[in-house]
Amino acid sequence: MSYRPLHDGWTLSGGDVSELPASVPGCVHTDLLAAGRIEDPYLDENESKLSWIGRTEWTYSSSFTHVPGAPRIDLVCAGLDTVASIELNGEQVGQTANMHRSYRFDVRPLLRDGDNTLKIKFNSPYAYAEEQQRRLGHRPNAYDEPFNFIRKQACNFGWDWGPILVTSGIWQPIGLHSWSVARLAEVRPQVTVSNGTGRVEVRVRLERAAVEPVTITASVAGRRAQATVDGIEALLILTVDDPALWWPRGYGSPSLYSLDVAVMSASGDTLDSWSRMIGFRDVRVDHTDDAFTVIVNDVPVFVKGVNWIPDDVFDNRVTRDRLEQRFRQAADANVNYLRVWGGGRYESEDFYDLADEMGFMVGQDFLFACAAYPEEEPFASEIEAEARENVVRLSSHPSLVMWTGNNENLWGHEDWDWKPVLAGRTWGLAYYLELLPRIVAELDPGRPYWPGSPYSGTTSRHPNDPSFGTTHIWDVWNTDDYTKYAAYRPRFVAEFGFQAPPAYATIRRALSDSPLAPDSPGMAAHQKAAGGDQKLSRGLDNHMPPPRDFDDWHYLTQLNQARAVAFGISHFRSLRPLCMGSIMWQLNDCWPVTSWAAVDGDGRKKPLWYAMRDAYADRLLTLQPRTGAPLTPGGPVSPVPQGTVFTSDGAPALVAVNDSRTPWSVETTVTRRNLAGEILAATVLEATVAPGSATTIPLPADITTPGDPTTELIAVDSGLTWFFALDKDIPWPSPSFTTSVAKEGTSTKVTVTADSLLRSLTLYPDRLDPAAETDKAGVTLLPGESVTFTVHSGQSLDAVALTSRPVLRCLNDIG
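Anyway, here's the lowdown on the structure attached to this text. Sequence order as written defines residue numbering, which begins from 1 separately in each chain. Whole-chain, interface and lining totals are the exception, using all residues; otherwise, since this is a predicted model, local features are given only for residues with pLDDT of at least 70 and side-chain atom pairs are given and counted only at 80 or more. Hydrogens and water molecules were not included; the side-chain quantities draw on all heavy atoms of the structure.

### Looking at the overall build of the chain
Thought 1: For the chain, the helix and strand inventory stands at 16 helices and 43 strands.
Thought 2: Radius of gyration (C-alpha) of the chain: 28 Å, near the 28 Å computed for a compact globule of 815 residues.
Thought 3: C-alpha atoms of the chain, sized along the principal axes, occupy 90 × 65 × 65 Å.
Thought 4: Relative to its 815 residues, the chain shows a buried fraction of 61%.
Thought 5: Whether two residues are in contact is decided by their heavy atoms, any of which lying within 4.5 Å being enough. The contacts of the chain with a sequence gap of at least 6 include a subset with a gap of at least 24, amounting to 70%.
Thought 6: Here the accessible surface of atoms and residues is derived via Shrake-Rupley with a 1.4 Å probe, and residues count as covered only by protein chains that are part of the display. Split by element, the accessible area of the chain, about 29,300 Å² in all, is 49% carbon and sulfur. Secondary structure is summarised from DSSP: a helix means a run of H or I of at least four residues, a strand means a run of E of at least two, and numbering begins at the N terminus for each. Radius of gyration here uses only the C-alpha atoms, and the compact-globule reference equals 2.2 Å multiplied by the residue count raised to the power 0.38. Note on exposure labels: buried denotes an accessible area under 20% of the residue type's maximum, exposed denotes more than 50%, and partly exposed covers the range between, all computed with a 1.4 Å probe on protein chains only.

In structure tokens form, the structure reads like this:
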């Protein structure tokens, strides 16, 4: 057995482009960019000039030398994007129409001794999708693009955070696989653990080039099993006593074992082999009393999650190192769960290997998003093939804890006026309720499947009922203020979020606008959400003093995003165990854009990242309004005027949330103060919080009852604050503080000591050095308190600039 990559010597032709060098794996856009034929689509308004690429037919050509050898030689295409015809030496090998699956063709009869020519011709994705749309009839979707009529990344056609850059190309490895007798066509381990015994059932399917007995072996943790077979299928079972378990982040070590499978000829030669790291763990979802609780190794886990989108429009740019950086940012923000959203891709082996190693739980959507999908051919067969392949490919990963049938399609069918447009045509329901659960039950029976996100557990309920199953909360942002999160008592929140622009250094790299303004041409081109700027303004109007310039607008919108998401996370976590999951939208971006992301398209952390880190801490103190009545599931219990600030019933109480596995002894001082920092009332609170629980600690009335709501606040000695009035209504004192700056190796320490109250103090070192990063943001200081920001930078930063506007900001300096 041998594999020969065919990644060199490719050229690209199409339209008026002829014989450009092409990178494989890659895509047309990156080849055109490398050749200087297009401008960088991520900069300024260049994206709008490139729609012709997705409407052009492209041909990749290469030649290679072949020496006769094995009785079977396959051309293996791990991923072609998307509608392709393959020719070898002028003879058609095959055709493809699905980016999300691999293809294998027996090409030995077509190979020549010596030189061979390989061509892959890609049809226009638009031409194919629009023809399918005409043939099958219109199906509604969230955008005016035909992404639901082609098995391709939906977000290639644009999204409310992504550009329209419709790619074509050989996006995954391609090569020649030479083999004899038999190869491992499919290896499917089912790993379980019960009562201290691990069990691995290894199901093997062979493809044969000769009929003769072969021996299949499997080994893990020093255990070995083998079977000699004349046919094409085998089952090998291994048991491991008292294996170290795979645990998610925060609950233990994500222990892994190497599982090795091989097939050998009668003479003992190895014909093919397969190796993966596996983990022993049990996972299920508890639905008792309409709950939605992820249980790992019999321990209920509060999901502290983020939604994940493709990290770049052009997948060949997403390296393992880049994924590792993104995963480290998630881990440092106390995240334990990544939801792979259904408008992107089935994520890579690098992605899942890193998740296995770092202890992230992963929920993988099947690839359907915000649209009605036809159930007719060729889509029915293609979708079954892609689902089968990817379930088998990913099922060995312990990090994968849930399959989900789609993103928002059940909700869309119910609420987005699809039914009159569909007029009885198919829209995908059979995929989510029949095909996909059947495939998961057959190929990955130990892993939960959920028909959609959101989904309330049965078709007899509204699919986005927060009282049941999983819910998405998007009235906040689209129409309502973020304080409305407090009106919800959901069981599990799978999407919620709030927008803000990217880091200043990212904006300046991507845009040449002069001057910058929220609506300057480049900023407008990099705001993809309908009415996005108006929604940002509404959020500011509800809470913040009016911005005077772009620098104020940038600071305030980023601050409002951080406040909004932290408000939501803290509220949802305070409801534990009623609510057992919070998956914010979204961790990452695929290009520089105003969006919901915590980490922008250049990989820089926005203030939201720091707020999320604090709100997802294993042990959280949060102030939440409580009436004393029992918490019951549901949505807003009374009408909330659209767009206005929601006022919660009840006085603020201290809620201590303990997601750790040990008891937490809480002892804290809570004070009511005025803006000068003077103590008006004080109390000391004590409580013991059991592992995996939340405890509400009432506050005395002299703490919760202000004399003047506009000039008083509650302060907890952990640094937590509660203001009785909105920021815009508070007469903030002029900021008064002293600073010191000290260089320590590759870092710079910036210490700020407050003479006056300083609200939401934030440092933006990327304005001085694009590579600079600080360790905290959004800090509120009382008079006399200090904070030290640690700035990591390869440069020597100017101390005056580092401690002045617009690098050092607080809410008080906007007057």
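### Observations regarding the sheet that holds strand E35 (residues 693–697)
In sheet architecture, strand pairing relies on hydrogen bonds along the backbone and comes in two forms, parallel and antiparallel.
Thought 1: Here we have three strands laid out as an open sheet, ordered E31-E32-E35, and antiparallel in their pairing. Each edge of the sheet is formed by a strand with only one pairing partner; in this case those strands are strand E31 (619–626) and E35. Ignoring which end each strand starts from, the neighbouring axes of this sheet average 30 degrees apart.
Thought 2: Strands are treated as partners if at least two bridges between them are detected by DSSP. Where strand E32 (residues 651–658) lies against E35, five bridges are found, and the strand directions are antiparallel. Across the sheet, residue Val 657 finds its bridge partner in E35, namely Ala 694. Geometry is summarised by axes, namely lines fitted to C-alpha atoms with helices restricted to the contacting stretch, and by angles between N-to-C directions that run from 0 to 180 degrees.

### Quick word on the packing of aromatic side chains
Thought 1: In this analysis, rings of Phe, Tyr and Trp, with Trp reduced to its six-membered ring, are considered paired at centre separations within 6.5 Å, and the interplanar angle assigns stacked below 30 degrees, edge-to-face beyond 60, and tilted for intermediate values. Within the structure shown, the criterion is met by 42 aromatic pairs.
Thought 2: Taken together, a centroid distance of 5.1 Å and an interplanar angle of 90 degrees make the contact between Phe 368 and Tyr 373 edge-to-face.
Thought 3: Since its relative accessible area comes to 0%, Phe 368 is described here as buried.
Thought 4: When its relative accessible area of 3% is taken as the criterion, Tyr 373 is described as buried.
Thought 5: In textbook terms, an aromatic cluster arises when at least three aromatic residues are bridged by ring pairs, as seen for Tyr 143, Phe 147, Trp 159, Trp 161, Trp 341 and Trp 585.

### A look at the state of the cysteines
Thought 1: When two cysteine sulfur atoms are found within 2.5 Å, that pair is recorded as a disulfide. Using the criterion set out here, one finds zero disulfides in the structure.
Thought 2: Its sulfur unpaired, Cys 27 is 13 Å from the next cysteine sulfur, which belongs to Cys 155.
Thought 3: Free cysteine: Cys 77, not disulfide-bonded; nearest cysteine sulfur from Cys 27 at 17 Å.

### What about the pattern of salt bridges?
Thought 1: When a carboxyl oxygen of Asp or Glu lies within 4 Å of a side-chain nitrogen of Lys or Arg, that pair is called a salt bridge. Per the stated rule, a full pass over the model turns up 58 salt bridges.
Thought 2: Between Arg 320 and Glu 357 there is a salt bridge whose closest N-O contact spans 3.2 Å. Placement of the pair is Arg 320 in helix H3 (residues 320–332) and Glu 357 in helix H4 (residues 349–358), with a sequence separation of 37 residues.
Thought 3: Accessibility expressed as a relative area gives 43% for Glu 357, which makes it partly exposed.
Thought 4: A salt bridge links Glu 773 to Lys 605; the nearest nitrogen and oxygen atoms lie 3.1 Å apart. Of this pair, Glu 773 sits in the loop between strand E40 (758–763) and strand E41 (779–781) while Lys 605 sits in the loop between strand E30 (581–584) and helix H14 (607–615); the two residues are 168 residues apart in sequence, bridging distant segments of the chain.
Thought 5: Residue Glu 773 is classed as partly exposed on the basis of its relative accessible area of 29%.
Thought 6: The class for Lys 605 is buried, based on a relative accessible area of 18%.
Thought 7: Via salt bridges that share partners, Arg 72, Asp 74, Arg 104, Asp 106, Arg 183 and Glu 207 belong to a single interconnected network.

### A few points about the nonpolar core
Thought 1: For this analysis, a nonpolar core means a set of buried residues of the types Ala, Val, Leu, Ile, Met, Phe, Trp, Tyr and Cys, connected via side-chain atoms within 4.5 Å. By size, the foremost hydrophobic cluster in this structure holds 185 residues, and its most contacted members are Ile 174, Phe 366 and Met 612.
Thought 2: In terms of residues, this core owes the most to one element, helix H13 (residues 550–574), which gives eleven residues.
Thought 3: The contact partners of Phe 366, leaving out residues within four places of it in the chain, are Gly 342, Tyr 346, Ala 387, Val 391, Trp 403, Thr 404, Gly 405, Asn 406, Leu 436, Val 440 and Tyr 449.
Thought 4: Counting 28 residues, the second-largest nonpolar core is a separate cluster that includes Leu 184, Leu 206, Ala 225 and Leu 271.

### Quick look at the environment of Val 318
Thought 1: Topologically, Val 318 is positioned in the loop between strand E23 (303–308) and H3.
Thought 2: Separated by 32 residues in the primary sequence, Val 318 and Asp 350 have C-alpha atoms spaced 9.8 Å apart.
Thought 3: Sequence-distant contacts of Val 318, defined by excluding residues within four places in its chain, comprise Asp 311, Asp 312 and Leu 323.

### As for the packing of helix H12 (residues 532–543) against H13
Thought 1: Contact geometry of H12 with H13 gives a least axis separation of 10 Å together with a crossing angle of 85 degrees. Between H12 and H13, the crossing angle belongs to the class labelled roughly perpendicular. Here Leu 536, Gly 539, Leu 540 and His 543 of H12 lie close against H13, whose contacting residues are Trp 553, Leu 556, Thr 557 and Asn 560.
Thought 2: Looking at side-chain class alone, the contact of H12 with H13 contains four nonpolar, four polar and no charged residues. Between 65 and 115 degrees an angle is taken as roughly perpendicular, under 35 as roughly parallel, over 145 as roughly antiparallel, and anywhere else as oblique. Side-chain classes are defined by residue name, with Ala, Val, Leu, Ile, Met, Phe, Trp, Tyr, Cys and Pro counting as nonpolar, Asp, Glu, Lys and Arg as charged, and the others, Gly among them, as polar.

### Brief notes about helix H2 (residues 125–136)
Thought 1: Between its first and last C-alpha atoms H2 spans 16 Å; for twelve residues at 1.5 Å apiece the expected length is 16 Å, and the two agree.
Thought 2: Listed as buried for H2 are Pro 125, Tyr 126, Tyr 128, Ala 129, Gln 132 and Leu 136. Along H2, the residues classed as buried sweep out an arc of 165 degrees about the axis, all on the same side.
Thought 3: Residues of H2 that are buried sit in contact with strand E6 (83–88), strand E7 (91–97), strand E10 (157–159), strand E11 (162–164) and helix H5 (379–394).
Thought 4: For the purposes of these results, a polar contact is taken to be a pair of N or O atoms within 3.5 Å, where, inside protein, one atom must be able to donate a hydrogen and its partner to accept one; residues adjacent in sequence count only when each atom of the pair is a side-chain atom. For H2, the N-terminal capping position is held by Ser 124, with its side-chain oxygen 3.2 Å away from the main-chain nitrogen of Tyr 126.
Thought 5: Following H2 by one or two positions, Gly 137 has its phi on the positive side, about 95 degrees. The span you would expect from a helix comes to 1.5 Å times its residue count less one. As used here, the arc belongs to the directions running from the helix axis to the C-beta atoms.

### A few points about the sheet that holds strand E2 (residues 10–14)
Thought 1: Pairing is antiparallel across the open sheet formed by six strands, whose spatial order is E3-E2-E4-E9-E6-E7. The open sheet has two edge strands with one neighbour each: strand E3 (17–22) and E7. Recorded for the sheet is a direction-independent mean angle of 20 degrees between the axes of neighbouring strands.
Thought 2: Here E6 runs beside strand E9 (residues 114–122); their pairing, made up of five bridges, is antiparallel. Residue Leu 88 lies in a different strand from E9, and its bridge partner there is Leu 118.

### Topic: the environment of Tyr 126
Thought 1: When you line up the elements, Tyr 126 lands in helix H2.
Thought 2: Under the relative-accessibility criterion, Tyr 126 is labelled buried at 6%.
Thought 3: In sequence terms Tyr 126 and Asp 312 are 186 residues apart; their C-alpha atoms lie 21 Å from each other.
Thought 4: Aside from chain neighbours lying at most four places away, what touches Tyr 126 is Gly 54, Arg 55, Glu 145, Pro 146, Phe 157, Ile 164 and Val 166.

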